[in-house]
Amino acid sequence: MAKYSILVVNGPNLNLLGTREPEIYGHETIKDLENMLKKVADELNVDIECYQSNHEGDIVDKIQNSRNKVDFILLNAGAYTHTSVAIRDALAGIDMPFYEIHISNVHKREEFRHHSFLSDVAVGVIVGFGLDGYEFALRGAVRFLDRKH
C-alpha cells in the first residue's frame, strides 16, 4: 500500500505545454510532466493522480471531491491563480495542505500575474523552476506529510 495519496491539479492552458510559448514554458508536454511525476511517485511510494481542466468549476469540483481521499494537492491553477476566489475558497473549505506551483517566474512577468488568491492558504509556493518545480513540490509534500504523521 502506498504511503500517501497526492493529487496534481493543472488549470487552464496547461494542456498546451510543449507548444504554448515554449520560450516561457519549455518544450515538454503535459504527458511528459505526468510521466515524470509518476516515476518520482513510484520512487517515493505514493499514489499520484494527475488532473487538468480549462474550466474553473471543474477544478473546484475536483478539489472538493478530493476531501478524505488524498493527503496533499499540488496545484498549478494557471491564470485562475490571479482571478479565482472560488478555487481559493474550495481549498480553504476542505482544509487540505497544498503547494501552489508556477512554471515561470510570475514576478518577472506582467503586473497582473504578481497577485495570487491562493498563496495565503498554501503551505508553500514554488515559482520559476520550470517543470522541475513539480518534482520539488512532490518531494516536499512527502516530507511535509512525514513530519505531520
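All figures in this text were calculated on a predicted structure; none of them were measured in a lab. (Residues numbered from 1 in each chain as written. Predicted model: local features only at pLDDT ≥ 70, side-chain atom pairs only at ≥ 80, totals over all residues. Heavy atoms only, no water.)

What about helix α4 (residues 85-94)?
For the record, the criterion: Under the scheme applied here, a residue whose accessible area is under 20% of the maximum for its type counts as buried, over 50% as exposed, and between as partly exposed, the area being computed with a 1.4 Å probe on protein chains only. For helices the rule is a DSSP run of H or I covering at least 4 residues; for strands it is a run of E covering at least 2, with both sets numbered from the N terminus onward. This arc is built from the directions going out from the helix axis to the C-beta atoms. By definition in these notes, contact holds between two residues if any of their heavy atoms fall within 4.5 Å. In protein, a polar contact means a hydrogen-donor-capable atom and an acceptor-capable atom, both N or O and within 3.5 Å, with residues adjacent in sequence counting only if both atoms are side-chain atoms; elsewhere, any N or O pair within 3.5 Å suffices.
Regarding α4, the residues found buried are Ile-87, Ala-90, Leu-91 and Ile-94. Seen from one end, α4 has its buried residues packed into an arc of 95 degrees, which puts them on one side. Residues of α4 that are buried in the fold lie against α3 (56-65), β3 (72-76) and β4 (98-102). One side-chain oxygen of the residue at the start of α4 lies 3.4 Å from the amide nitrogen of Ala-86, identifying that residue as Ser-84.

Focus: the environment of Thr-83
Note on placement: Thr-83 falls in the loop between β3 and α4. We classify Thr-83 as exposed; its relative accessible area is 53%. Along the sequence, Thr-83 and Leu-118 sit 35 residues apart, while their C-alpha atoms lie 9.7 Å from each other.

Notes on the packing of aromatic side chains
For the record, the criterion: Working definition: a ring pair exists when centres of Phe, Tyr or Trp rings (six-membered ring for Trp) sit within 6.5 Å. Plane angles under 30 degrees give stacked, over 60 give edge-to-face, the rest tilted.
Here the structure, examined in full by the defined rule, presents three aromatic pairs. Seen from their ring centres, Phe-129 and Phe-136 are 5.2 Å apart, and the 80 degrees between their planes marks the pair as edge-to-face. Taking the relative accessible area as the measure of exposure, Phe-129 reaches 48% and is therefore partly exposed.

Overview of the packing of helix α2 (residues 30-44) against helix α5 (residues 132-148)
Formally: Fitting a line to C-alpha atoms yields each axis, with helices limited to the stretch in contact; the angle taken between N-to-C directions then spans 0 to 180 degrees. Should an angle fall under 35 degrees it is called roughly parallel, over 145 degrees roughly antiparallel, and 65 to 115 degrees roughly perpendicular, with every other angle called oblique. Definitions for this section: a left-handed crossing has its near helix turned counterclockwise from the far helix by less than a right angle. A right-handed crossing has that turn clockwise. The nonpolar class holds Ala, Val, Leu, Ile, Met, Phe, Trp, Tyr, Cys and Pro. Asp, Glu, Lys and Arg form the charged class, and all remaining residues, Gly among them, are polar.
Between α2 and α5, the least distance of the axes is 10 Å, while the angle of their chain directions is 25 degrees. Between α2 and α5, the angle is such that the two are roughly parallel. α5 is crossed by α2, and the crossing has right-handed handedness. Between α2 and α5, the residues in contact are Leu-33, Met-36, Leu-37, Val-40, Ala-41, Glu-43 and Leu-44 and Tyr-134, Glu-135, Leu-138, Arg-139 and Val-142, respectively. Residues belonging to the contact of α2 with α5 are distributed by class as follows: nine nonpolar, no polar and three charged.

Quick look at the layout of surface pockets
Here is the rule: A 1.4 Å probe that fits into a set of points on a 1 Å grid over the protein atoms alone but cannot get out defines a cavity; an open set with protein on both sides within 12 Å along at least five of seven lines defines a pocket, and lining residues are those with an atom within 4 Å of a point. Grid points are joined across faces, edges and corners, and a volume is the space filled by probe spheres set on the points.
Estimated volume of the largest pocket: approximately 190 Å³. Lining the largest pocket are 15 residues, with Arg-20, Tyr-25, Gly-78, Ala-79 and Arg-113 sitting closest to its centre. Here the lining of the largest pocket is built from residues that sort into six nonpolar, six polar and three charged.

What about the side chain of Asn-10?
For Asn-10, the location among the structural elements is in strand β1 (residues 5-10). In this view, Asn-10 contacts Ile-30, Leu-33, Tyr-51, Gln-52, Ser-53, Asn-76 and Tyr-134; residues no more than four positions away in its chain are not counted.

Considering the packing of α3 against α4
Relative to each other, α3 and α4 sit at 5 degrees, their axes nearing to 9 Å. Relative to α4, the element α3 lies roughly parallel. Along its contact with α3, which presents Glu-56, Ile-59, Val-60, Ile-63 and Gln-64, the element α4 presents Ala-86, Ile-87, Ala-90, Leu-91 and Ile-94. Of the residues assigned to the contact of α3 with α4, the class counts are eight nonpolar, one polar and one charged.

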